[in-house]
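As a plain string of letters, each chain reads:
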Amino acid sequence: MAVTDEAISRIREMILRGELRPGDRLPPEAELSERLGLSRNSLREAVKALELIRVLDVRRGDGTYVTSLEPGLLLEAVQFVVDLHQDQSVLELFEVRRILESSAAALAATRMTPDALTDLRRSIELAAATDDVAALVEHDLDFHRRIAAASRNDYLSTLLDALSSKTVRARLWRGITEENAAGRTLSEHAAIVEAIAAGDAELAKGLVTAHIAGIEGWIRRATT
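Notes on the structure in this doc start here. (Residues numbered from 1 in each chain as written. Predicted model: local features only at pLDDT ≥ 70, side-chain atom pairs only at ≥ 80, totals over all residues. Heavy atoms only, no water.)

**With respect to the overall build of the chain**
The condition that has to hold: Numbering of helices and strands runs from the N terminus; a helix is a DSSP stretch of H or I covering at least four residues, while a strand is a stretch of E covering at least two. Think of it in three bands: with a 1.4 Å probe and only protein chains considered, a residue is buried below 20% of the maximum accessible area for its type, exposed above 50%, and partly exposed in between. Contacts are assigned to residue pairs that have any heavy atoms within 4.5 Å of one another.
Of the regular secondary structure elements, the chain holds 12 helices and 2 strands. The secondary structure elements of the chain, listed N-terminal to C-terminal, are α-α-α-β-β-α-α-α-α-α-α-α-α-α. Every one of the 224 residues in the chain was classed for burial, and the buried ones make up 38%. Contacts spanning at least 24 positions in sequence make up 70% of the contacts within the chain whose residues lie at least 6 apart.

Structure below.
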């Protein structure tokens, strides 16, 4: 493993130095192993590992290429880890969400377009017109996804998407068992939108923090 780790490190350095750029094809295996002073076996293991985390793309019969290195691709590994979470760790996911989503809302307050704000307000109106829990949960997911997208930070948006998708069960449970959860959630969403519309980053951040903290509190009460 130590030799494989070294091979991974050497390829990473080539990418960081710009010797290999997104879309570039790696030199043939024999040439690259000689150039790096590594065995071909260790190089193969390194390539396999970097393929798994979407840094490299092995095309059979064609060669090995550096991927686009875009956030959505590189952060697939995060989604994989989140998918493996156990029920007792859901609170930890919400804690991370609280930190990241509040920051996304602060950024959105300075970056969201008027059209995006109009669409966000409209989504709240549509959600308020239904009492279907599944539809309300979908609105909640969409609402937070739109705010993350408005932050215009692809890494932040992708991370939040990975974290939020795994909290659907908790939201659904809350909607079914807690009285007036839907009404309270929509009211909190509306307040967040108005803070963003006013360009008040600190208020938007505080409201999102309180909104997610409220869900955390409910989960703690429901699981103790």
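**Structural notes on empty space enclosed by the protein**
Basically, it comes down to this: Both cavities and pockets are sets of points on a 1 Å grid over the protein atoms alone; in a cavity a 1.4 Å probe fits but cannot get out, in a pocket the set is open with protein on both sides within 12 Å along at least five of seven lines, and lining residues sit with an atom within 4 Å of a point. Grid points are joined across faces, edges and corners, and a volume is the space filled by probe spheres set on the points. Gly is placed with the polar residues, together with every amino acid not listed as nonpolar (Ala, Val, Leu, Ile, Met, Phe, Trp, Tyr, Cys and Pro) or charged (Asp, Glu, Lys and Arg).
Applying the stated rule across the entire model yields 2 cavities of 30 Å³ or more. Reported here for the second largest cavity is a volume of approximately 30 Å³. Surrounding the second largest cavity, E101, A104, H144, I147, A148, L160 and V208 form its lining. Elements that contribute at least two residues to the lining of the second largest cavity include exactly α6 (90-111) and α8 (133-150). Per element, the largest residue contribution to the lining of the second largest cavity is 3 residues, and it comes from α8. Per-class residue counts for the lining of the second largest cavity are 5 nonpolar, 1 polar and 1 charged.

**Topic: the side chain of S123**
Counting through the fold element by element, S123 comes out in helix α7 (residues 114-128). Ignoring any residue separated from it by four or fewer positions in sequence, one finds S123 in contact with H139 and D142.

**Digging into α7**
For clarity, the cut-off: Here a helix's expected span is defined as the number of its residues, less one, multiplied by 1.5 Å. This arc is taken over the directions from the axis of the helix to the C-beta atoms.
In a regular helix each residue adds 1.5 Å, so 15 residues correspond to 21 Å; α7 covers 21 Å between its end C-alpha atoms and thus fits that length. All of the buried residues in α7 are L117, L120, S123, I124 and A127. Angularly, the buried residues of α7 cover 120° about the axis, an arc narrow enough to put them on a single face. In this structure, α7 carries P114 and D115 as exposed residues pointing more than 90 degrees from its buried face.

**What about unusual backbone geometry?**
Despite not being glycine, R54 shows a phi value in the positive range, around 65°. By the secondary structure assignment, R54 is in the loop between α3 (40-52) and β1 (56-59). The phi dihedral of R152 falls on the positive side, at around 60°, and the residue is not glycine. With respect to the secondary-structure elements, R152 resides in the loop between α8 and α9 (154-164).

**Re the pattern of salt bridges**
Rules: Within this document, salt bridges are pairs made up of a side-chain nitrogen of Lys or Arg and a carboxyl oxygen of Asp or Glu, the two lying within 4 Å of each other.
Taken as a whole and judged by the stated rule, the model has 16 salt bridges. A salt bridge links K48 to E45, with the nearest nitrogen and oxygen atoms 3.6 Å apart. One end of the pair, K48, and the other, E45, are both in helix α3, 3 residues apart, so they sit about a helical turn from each other. Each of the salt bridges in this network shares a partner with another, and the network as a whole consists of E13, R17, E19 and R35.

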